[in-house]
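If you want the building blocks of each chain, they are given just below.
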Amino acid sequence: MRPVFGFGQENAAPNEQAEVKADQNSETFMSVAARSRSGGRAGRRALRTAPDHDMLPGLARNLPLCEPLDEDQIRKLDDASMSILEDVGIIFRDPIALDDWKKACARVDGERVYLDREHVRELIRTIPSSFTYHARNPKKNVPVGGNRTIFVPMTGAPFLRDLDGVRRNPMLDDLAMFHKLSHMLPAIHSSAHHIVEPYDHPISHRHLRITYSSMKHSDKTFMGMTTSPKNAEDVMDMCAILFGEEYLENHPVTTGNCNGNSPLVWDETMLGAMRAFSKRNQPVLCSPFVLGGANTPASVVPAVAQLNAEALSALAYTQVIRKGAPAIYGHYLSTVSMRSGAPMAGTPEISLMNFLIGQLARYYDVPWRSSGSLGGAKTFDAQAGYESATTLNAVIHAGANYIWHAAGWNEAGMHCCVAKFIVDAEQCAMVYRMAEGPRWDDFDEALAAVRDVGPGGHYLGHPHTQENFQRAFFMPDMFDNNSIEQWKAEGEVEITERALKQARKLLSEYQEPKLDEARNEALLDYIARREREIPAEDALNQDY
């Protein structure tokens with residue numbers, strides 16, 4: 001049965017009696033809080049209010065999913081995608097991939113590969129439906145697939161909006177700052193890779209410094225650069241230094257992303273990087289890059305039929321490379337404004353596409369990736385908040401397993417905003433709590449409080465409230481819910497200023513999770529050798 005989502009109404013009819021009772025309750029609560037500060041609960045309160053930067057476990061979702069398709073519609077979409085693969089074909093612009101497909105008995109005509117639907121089903125059946133990412137700190141291992149979800153920061157920004165609110169080109173120290181923040185923020189499960197581009201290093205060398213920064217400044221899982229096949233191989237070699245070559249054989253430790261060129265093209269760069277990861281048994285995101293209406297049909301369901309065909313062709317190829325290699329059904333979704341041609345985020349059609357893609361991924365029994373906090377706003381303003389909140393809530397209800405671009409994204413990905421990074425991370429923590437579903441562990445104790453308090457009383461001083469208020473209701477640090485009088489008395493601080501202050505605080509409290517000394521030295525030696533071998537150029541390394 002498909003879930004039905006309803007919206008309740010709050011019957012807020014203020015009257016004098018209600019206002020008096022609210023004032024009394026507030027005074028009682030403050031009185032109780034004051035006693036707890038000076039009384040026996042002071043130690044526990046100090047413990048509760050101490051900085052806690054421990055990472056949340058990977059999310060186990062317990063909410064019903066939003067699934068608009070019935071079984072016949074799923075089969076119709078699947079048939080449409082398989083017909084595209086059989087009749088239209090996919091271009092694999094890579095001689096090695098074409099040779100691989102010929103050996104796998106696919107029909108190949110020039111660069112176009114035609115895939116039989118049963119062959120595709122047979123191949124994707126060997127993709128693990130779930131797996132665990134292994135971090136260098138085992139306490140931060142996270143499962144992906146099924147009802148498990150992780151949140152990963154944005155990547156790829158050529159600009160940042162920094163701690164002073166200035167939009168500028170980033171440097172390696174700025175990337176390190178974001179990796180440190182990723183390490184400190186509990187709802188962020190990965191340090192990603194090039195959250196921002198380090199402009200103080202040649203393009204041909206950047207992947208080495210980016211990978212090292214991900215490894216050095218956080219002990220969470222991370223992403224690996226796939227900007228060229230050679231770069232991807234370097235990432236795999238650095239992972240082997242950090243974890244051990246044999247360990248990689250059976251333990252996913254990083255993630256590669258391979259973008260398709262919609263419509264219906266996979267290029268040599270992405271396919272070569274895919275081979276580097278899949279051969280070493282490391283997961284890749286097979287991600288068509290969708291600009292709805294520009295490189296797909298201008299209609300939601302047919303657009304999903306096309307991108308599903310694109311994703312399936314890449315997922316199938318990962319299994320041609322190595323049977324059983326982990327892979328994630330991916331996509332980047334945006335729709336195009338028919339007025340300006342600009343990509344849009346937070347639109348209803350993007351949410352609908354996420355719902356449909358989630359159902360298809362579960363139909364094929366593979367993990368899937370989406371994007372969490374996208375937006376086109378130029379500053380951290382109301383537009384940025386609305387776009388990101390709309391998208392993040394949709395992908396949670398769609399059941400995404402790997403939520404990328406979950407923090408910092410702004411200006412269609414052109415810059416990563418420090419303030420938004422902090423607030424987005426708290427939003428991730430909020431949807432994390434929502435998606436856990438209702439808690440029942442204190443049901444009997446809380447109902448007993450109803451009998452204790454009775455009609456006309458209040459719960460603020462009740463022992464159950466005192467023991468549970470910290471976990472009962474999420475209390476955002478970045479939102480101000482005080483009265484306007486208190487807000488004015490405290491300097492009229494807006495959310496951007498509040499978030500930047502929090503970022504500075506986190507960075508001041510950061511403690512580096514030190515790499516093993518021998519492995520650190522080996523990584524630095526590897527980087528030094530590769531920087532000698534690769535010419536320092538403002539171009540991607542394709543040859544060395």
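An unreviewed UniProt entry annotates the protein chain as Methyltransferase of Effrenium voratum. UniProt annotates the protein chain under Sequence similarities (unreviewed entry) with the comment "Belongs to the trimethylamine methyltransferase family."

Draft legend 1. Main features of the overall build of the protein chain. Tallying secondary structure elements over the protein chain gives 19 helices and 20 strands in all. When the backbone C-alpha atoms are referred to their principal axes, the protein chain occupies close to 80 × 55 × 45 Å. Expressed as a percentage of its 544 residues, the buried residues of the protein chain come to 52%. Sequence separation of 24 or more characterises 76% of the internal contacts of the protein chain that already satisfy a separation of 6 or more. Here the protein chain has roughly 24900 Å² of accessible surface; of this, 52% comes from carbon and sulfur atoms. Computed over 56 positive and 71 negative side-chain charges, the separation of the two mean positions in the protein chain equals 2 Å.

Draft legend 2. Spotlight on the pairing of strand β13 (residues 284-292). Along β13, seven of the nine residues are buried, which leaves the element largely enclosed by surrounding structure. By the bridge criterion, five bridges tie strand β11 (residues 254-260) to β13 in an arrangement that is parallel. The residue of β13 that forms the bridge with Gly256 is Val284. As paired strands, β13 and strand β14 (residues 327-329) are joined by three bridges and run parallel to one another. The partner of Leu285 across the bridge, within β14, is Ile328. Tracing the backbone out of β13, into helix α11 (residues 300-321) and back to the parallel element β14 gives a crossover that is right-handed.

Draft legend 3. Region of interest: a negative patch on the surface. The grouping of Asp516, Glu517, Glu521 and Asp525 at the surface amounts to a negative patch. Here Asp516 shows up in the loop between α18 (495-509) and α19 (517-533). You can call Asp516 partly exposed: its relative accessible area is 45%.

Draft legend 4. The arrangement of the layout of surface pockets in detail. In this model, the second largest pocket occupies a volume close to 470 Å³. Looking at the second largest pocket, it is lined by 22 residues, and the ones nearest its centre are Thr155, Asn257, Asn259, Phe289 and Trp404. Taken together, the elements giving at least two residues each to the lining of the second largest pocket come down to β11 and β13. Of the residues contributing to the lining of the second largest pocket, the split by class is 11 nonpolar, 10 polar and one charged.

Draft legend 5. Spotlight on the sheet that holds strand β19 (residues 409-410). Across the sheet, four strands lie side by side as β9-β8-β20-β19; this open sheet has mixed pairing. Looking at strand neighbours, the two that pair on one side only are β9 (167-168) and β19, the edges of this open sheet. Sheet topology places strand β8 (residues 159-161) next to strand β20 (residues 415-417); three bridges connect them, and they run parallel. Residue Arg161 lies in a different strand from β20, and its bridge partner there is Cys417.

Draft legend 6. Focus on the pattern of salt bridges. Applying the stated criterion to the full structure yields 30 salt bridges. Across the pair Arg362 and Glu67 runs a salt bridge whose closest N-O atoms are separated by 2.9 Å. Of this pair, Arg362 sits in helix α12 (residues 348-364) while Glu67 sits in the loop between β1 (59-60) and α3 (71-88), placing them 295 residues apart in sequence. Using a relative accessible area of 30% as the deciding quantity, one classes Arg362 as partly exposed. Here Glu67 falls in the partly exposed class, since its relative accessible area comes to 27%.

Draft legend 7. Representation of the pairing of strand β5 (residues 130-133) within the structure. On β5, burial follows the alternation: Phe131 and Tyr133 on one face are buried, whereas Ser130 and Thr132 on the facing-out side are not. The sheet contact formed by β5 and strand β6 (residues 142-145) spans four bridges and is antiparallel. Along β6, the bridge assignment pairs Tyr133 with Val142.

Draft legend 8. Representation of the packing of aromatic side chains within the structure. Scanning the entire structure with this criterion turns up 11 aromatic pairs. Seen from their ring centres, Tyr332 and Trp409 are 5.9 Å apart, and the 35° between their planes marks the pair as tilted. With Tyr332 in strand β15 (residues 332-336) and Trp409 in strand β19, this residue pair connects regions lying 77 residues apart in the sequence. Trp409 carries the same exposure label as Tyr332, and that label is buried. Centroid distance Tyr363 to Tyr364: 5.2 Å. Interplanar angle 70°. Geometry classified as edge-to-face. Taken together, the ring pairs in this structure connect Phe92, Trp101 and Tyr317 into an aromatic cluster. The ring of Phe159 has Arg167 sitting right over it, with the charged end atom 3.9 Å from the ring centre.

Draft legend 9. Main features of a nonpolar patch on the surface. Taken together, the side chains of Trp440, Phe443, Leu447, Val450 and Tyr459 present a nonpolar region at the surface, about 520 Å² in accessible area. Mapped onto the elements, Val450 comes out in helix α15 (residues 443-453). Accessibility expressed as a relative area gives 41% for Val450, which makes it partly exposed.

Draft legend 10. Region of the structure containing empty space enclosed by the protein. Per the counting criterion, the structure on display carries one cavity of 30 Å³ or more. If you go around the largest cavity, the residues you meet are Tyr332, Ser334, Pro343, Met344, Ala345, Leu374, Gly375, Gly376, Trp409 and Ala412. Sorting the residues of the lining of the largest cavity by element identifies β15 and β16 (343-344) as the ones contributing at least two each. Residue composition of the lining of the largest cavity, grouped by class: seven nonpolar, three polar and no charged.

Draft legend 11. Here's a closer look at the confidence of the model for the protein chain. For the protein chain, mean pLDDT is 91; residues scoring 70 or higher make up 91% of the total. In the model, residues 1-40 has pLDDT below 50 throughout and makes 26 contacts with residues more than four positions away in sequence or in other chains.

Draft legend 12. View of the packing of α3 against α11. α11 packs onto α3 with a crossing angle of 55° between their chain directions and a minimal axis gap of 8 Å. Judged by the angle between their axes, α3 and α11 are oblique. Crossing angle aside, the handedness with which α3 passes α11 is right-handed. Taking contact as the criterion, the partners of Leu77, Ala80, Ser81, Met82, Ile84 and Leu85 in α3 are, on α11, Val301, Val304, Ala305, Gln306, Asn308, Ala309, Leu312 and Ser313. For the contact of α3 with α11, the class distribution of residues is 10 nonpolar, four polar and no charged.

Draft legend 13. Examining helix α14 (residues 418-436) more closely. In a regular helix each residue adds 1.5 Å, so 19 residues correspond to 27 Å; α14 covers 27 Å between its end C-alpha atoms and thus fits that length. For α14, the tally of buried residues reaches 15 of 19 residues, placing the bulk of the element in the interior. With its phi angle positive at about 85°, Gly437 sits one or two positions after the end of α14.

About the cut-offs
- Residues numbered from 1 in each chain as written.
- Predicted model: local features only at pLDDT ≥ 70, side-chain atom pairs only at ≥ 80, totals over all residues.
- Heavy atoms only, no water.
- UniProt positions renumbered as here; feature names shortened; annotations may be inferred.
- Helix = DSSP H or I, 4+ residues; strand = E, 2+ residues; numbered from the N terminus.
- Buried < 20%, exposed > 50% of the residue type's maximum accessible area, 1.4 Å probe, protein only.
- Contact = heavy atoms within 4.5 Å.
- Areas by Shrake-Rupley, 256 points an atom, 1.4 Å probe, with all protein chains shown as cover.
- Lys, Arg positive; Asp, Glu negative; His and termini not counted.
- Charge placed at Lys NZ, Arg CZ, Asp CG, Glu CD.
- Pairing = 2+ DSSP bridges.
- Right-handed = clockwise from strand over helix to strand, strands pointing away.
- Patch = residues over 30% accessible without salt bridge, like charges linked within 9 Å, V, L, I, M, F, W, Y side chains within 5 Å.
- Salt bridge = Lys/Arg side-chain N within 4 Å of Asp/Glu carboxyl O.
- 1 Å grid on protein atoms, 1.4 Å probe; cavity = no way out; pocket = protein on both sides within 12 Å on 5 of 7 lines; lining within 4 Å.
- Points joined across faces, edges and corners; volume = space filled by probe spheres on them.
- Nonpolar A, V, L, I, M, F, W, Y, C, P; charged D, E, K, R; others polar.
- Phe/Tyr/Trp six-rings, centres within 6.5 Å; stacked < 30°, edge-to-face > 60°.
- Lys NZ or Arg CZ within 6 Å of the ring centre and 35° of its normal.
- pLDDT = per-residue confidence, 0-100.
- Axes fitted to C-alpha atoms, helices over the stretch in contact; angles between N-to-C directions.
- Parallel < 35°, antiparallel > 145°, perpendicular 65-115°, else oblique.
- Left-handed = near helix turned anticlockwise from the far one by under 90°.
- Expected span 1.5 Å × (residues − 1).

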